[in-house]
Amino acid sequence: MLNIALIVGSTRPNRFADRPKDWILDGAKTRTEFALQVLDLRDFKLPFFEEPMPPSFAKGVFTNPAAKAWGLRIAAADGFIALTPEYHHALPAVLKNAFESAYLEWIAKPIAFVGYGGVGAARAVENGRTVAVELQMAPIRAAVHIGLEPFLGVVRDGKKLDSYDYLNQARTAMFDQLVWWGNALKAARAAPAA
Ligand SMILES: Cc1cc2nc3c(=O)[nH]c(=O)nc-3n(C[C@H](O)[C@H](O)[C@H](O)COP(=O)(O)O)c2cc1C
């Protein structure tokens, strides 16, 4: 059984993020290959990166207690789903900072993205993928992009994300790829040469 962490990348009051968060959790209920844990950045109170050394120089050792607690949760996961809005065509600062607040714990684990916004947060997701590569993660191809139509459908017209079949299909494809990569990389991390 894989442990997958769902990182909620918006902390602002009144955030939209809770809608897709619940929809991802709903979709995961029938999946037996992984357990999904929510890591809500609201709960971690991470400071903006303030370590005396860059993580690569410090060999991934963090001194800040909040960052240490965050790192333990990242270490416990076999893979990630990053739920992200798009803020000015990039990841929200809180999510970028969360990536910076751990180091070794990310390595050799897959990450999938669920984005929402005007163009399904496509630019933020691409931004997240480049960050993930530098952190030695494996960003997977399958993603969910909740574009303007379903975003407004939910916010303005009271629709449910579940009523969009193409989004449900994208969610399934994302879970499937995450499981394949999660199992492959879990085995690779356990191998002596890792
Ligand atoms: C600071 C800020 C920047 C934004 N920039 C973008 C953007 O570049 N592209 C986009 O599609 N939406 C953008 N939006 C609109 C967001 O898609 C929308 O507010 C969404 O609800 C944000 O997610 P959240 O409510 O979970 O925080 C921006 C919103 C904020 C607050």
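These numbers come from a predicted model, not from an experiment. (Residues numbered from 1 in each chain as written. Predicted model: local features only at pLDDT ≥ 70, side-chain atom pairs only at ≥ 80, totals over all residues. Heavy atoms only, no water.)

Brief notes about the pattern of salt bridges
What counts is decided by this rule: Salt bridges are defined as contacts in which a side-chain nitrogen from Lys or Arg sits within 4 Å of a carboxyl oxygen from Asp or Glu. Starting at the N terminus, helices and strands are each numbered in turn, a helix being any DSSP run of H or I of at least four residues and a strand any DSSP run of E of at least two. Here the term buried applies to any residue with accessible area under 20% of the maximum for its type, exposed to any over 50%, and partly exposed to those in between, with areas from a 1.4 Å probe on protein chains only.
Going through the model one piece at a time under the given rule, you end up with 13 salt bridges. Note that lysine 21 is salt-bridged to aspartate 18, the shortest N-O span being 3.4 Å. Here aspartate 18 and lysine 21 lie together in helix H1 (residues 18–28), a separation of three residues that amounts to about one turn. Residue class for lysine 21 comes out buried when judged on its relative accessible area of 16%. On the accessibility criterion, aspartate 18 (23% relative accessible area) is partly exposed. Arginine 171 serves as the salt-bridge partner of aspartate 162, at 3.7 Å between the closest nitrogen and oxygen. Judged by its relative accessible area of 9%, arginine 171 falls in the buried class. A single salt-bridge network, built from bridges that share partners, covers Arg15, Asp18, Lys21 and Asp40.

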